[in-house]
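Inside the fold
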Amino acid sequence: MSLFHADSYSLDDMVRHPRHQAMQPVLVQLIQQLRDCETVEAGVDFQRAVLTRLLDVEKDRWEFKRAATRMRKGKQAPAEAPEPQSGRDLSDVATWRFEHDVCERLARQLRSVGDALAWRVFGFHRPFILALCRNQSPGPMYGKAGLPAELEHFERACKEDGAFALLHDLTNCLRIGDMTVWDGVNPPRTEEIKTNPKNSRSVQLRRINQARAAVLDGGPLPGDNASELLYDLDLPLRTHLDVLRDALERAASDGVYATPVPGCRALFVVDQYACAEQGLSSEQFNERHQHAVDGALQRAGIAAGREDYNIHVTSLDSTARDPLRVPWANYPLHPVACARLIGDYAVATVETSGPVLTRLLQATGLDARWVRPPGKVDLQQGEVIMEIHQQERLRSVALPGGLTMTPGWTLQMRRSELDRYLMELLQPGTWAAGIKHVLAARTAGQPWPHYRNEHEIWV
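Calculation criteria
- Residues numbered from 1 in each chain as written.
- Predicted model: local features only at pLDDT ≥ 70, side-chain atom pairs only at ≥ 80, totals over all residues.
- Heavy atoms only, no water.
- Helix = DSSP H or I, 4+ residues; strand = E, 2+ residues; numbered from the N terminus.
- Buried < 20%, exposed > 50% of the residue type's maximum accessible area, 1.4 Å probe, protein only.
- Contact = heavy atoms within 4.5 Å.
- Areas by Shrake-Rupley, 256 points an atom, 1.4 Å probe, with all protein chains shown as cover.
- Pairing = 2+ DSSP bridges.
- Axes fitted to C-alpha atoms, helices over the stretch in contact; angles between N-to-C directions.
- Polar contact = N/O pair within 3.5 Å; in protein donor to acceptor, adjacent residues only side chain to side chain.
- Core = buried A, V, L, I, M, F, W, Y, C linked by side-chain atoms within 4.5 Å.
- Salt bridge = Lys/Arg side-chain N within 4 Å of Asp/Glu carboxyl O.

**Comments concerning the overall build of the protein**
- Along the protein, the regular secondary structure elements total 15 helices and 13 strands.
- Taken across its 459 residues, the protein has 53% of its residues classed as buried.
- A sequence separation of at least 24 residues applies to 68% of the contacts in the protein between residues at least 6 apart.
- For the protein, the exposed area adds up to about 20500 Å²; of that, 49% sits on carbon and sulfur atoms.

Written out as structure tokens, the structure is:
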């Protein structure tokens, strides 16, 4: 749980913190190291590098939390606590909460690079992630009782068995099991490592077996609902990620850049380093940003009724929060651009209009209807925002992962599915074809759809 208090600091305070700034070159180096990995040994060395950094950050986070707890009780911060680097009042408990939250964010940033390794070693095959993410986050590694046993098993698998092992605690997206092992012959094997081999955690073992069966045999996904299944769309994924790459490059030069994206979308990028180099005042930044955004919205055809009908997703503080999102380090971008997105030194926002988007889908032959404009009120979790109909009468089917089938064979789209269309910049034709594929298949149960060829998209 974060100790964040809105009146204690702002995002600007966070990104100006020396620890936060010092993480940027570390992330660049780790992302490049990951992309250079070609052997088992290189992958193991990469994990050791992330592990060392992560444990250091989490140890400091624990110490800052302990100090804040003591100070709330009227005691002094422990003498052995790390020295805060924010320059704030050491007698104020908010200073120690702030330092804790900085470390929490840095830990997520490191885990996001671990997520990138997970996607890569699974061949960018999204079903593995969909199956293994279905648990609560296990929490910090530092101080974990079973960590020594996991590390011993990890080293033994790599050194003695000649296999490649992936530590799940280095990631945010792998939440079932402690480790996945590749032996070069069999499919990847997820394992639960026990400090005492006599102890049996039947619930976790059952979820591991469910995840394996879901990916390899078409069985139900882990959980209590046996109707939740992976669903292969049998379609290639196509994106406009080249637009994002170009926008990040322009923003790195100009500070602010905005552009329309095919599919009734507008993309806005802000690069804090470039804004600082140009010495933009708040007034100058706001003027430049507003001008760029207004122009992009006009060209995208979604400027009218923006307050009432538009919806957006942003990269801001999203790192390693949603296990289903592709990690920034896997986007086909320069490592520096990836690191800036991870650290919020570059922020990307994608916006669309509900009514305009429904007209776009209708043009592809889908009977789409916007249910509730999201402009003024934040959408609630699970709230329906769009319905897409097919003129047949079949029994009800629910589709998690953003979609639900209702009587009359109607897809009810929730925000999670729209988020993917926006943040991954799917081509409109690809997105519409996926929806049509699900409708035409008439699959009973609750399928979680995925595209093919993602290994061609991500890096």
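**Here's the deal with the sheet that holds strand 7 (residues 310-314)**
- The four strands are arranged 5-6-8-7 in an open sheet whose pairing can be described as antiparallel. In this open sheet, the two strands that pair with only one neighbour each are strand 5 (256-261) and strand 7. Adjacent strand axes in the sheet meet at a mean angle of 20°, parallel and antiparallel pairs treated alike.
- With five bridges joining them, strand 7 and strand 8 (residues 346-353) adopt antiparallel strand pairing. By the bridge assignment, His312 is partnered in strand 8 with Glu351.

**Points about the side chain of Thr239**
- As for its placement among the helices and strands, Thr239 is situated in the loop between strand 4 (228-236) and helix 8 (241-254).
- Thr239 sits in the buried class, given a relative accessible area of 15%.
- A distance of 3.3 Å separates the side chain of Thr239 from the backbone nitrogen of Leu241, its partner in a polar contact.

**Points about the nonpolar core**
- Counting residues in hydrophobic clusters, the biggest one holds 132 residues, and the most contacted among them are Leu244, Leu267, Tyr331, Leu361, Met386, Ile388 and Trp431.
- No other element matches helix 4 (residues 93-121), which puts 13 residues into this core.
- Each residue touching Leu244, except ones within four places of it in the same chain, is listed here: Leu267, Trp328, Tyr331, Leu333, Ala348 and Leu425.

**Remarks on the environment of Asn225**
- When you line up the elements, Asn225 lands in the loop between helix 7 (202-217) and strand 4.
- Given the relative accessible area of 28%, Asn225 is considered partly exposed.
- On a C-alpha basis, the gap between Asn225 and Gln446 in space is 8.9 Å, while along the polypeptide they are 221 residues apart.
- In terms of polar contacts, Asn225 uses its side chain to reach the side chain of Ser227, at 2.6 Å.

**Things to note about the pattern of salt bridges**
- Considering all chains together, one arrives at 32 salt bridges under this definition.
- Across the pair Glu104 and Arg108 runs a salt bridge whose closest N-O atoms are separated by 2.9 Å. Of this pair, Glu104 and Arg108 both sit in helix 4, four residues apart, which is roughly one turn of the helix.
- Between Arg245 and Asp246 there is a salt bridge, with the nearest N and O atoms lying 3.7 Å from each other.
- On the accessibility criterion, Arg245 (34% relative accessible area) is partly exposed.
- The exposure class assigned to Asp246 is partly exposed, which follows from its relative accessible area of 36%.
- Each of Glu104, Arg105, Arg108, Asp317, Arg321 and Asp344 takes part in a single network of salt bridges with overlapping partners.

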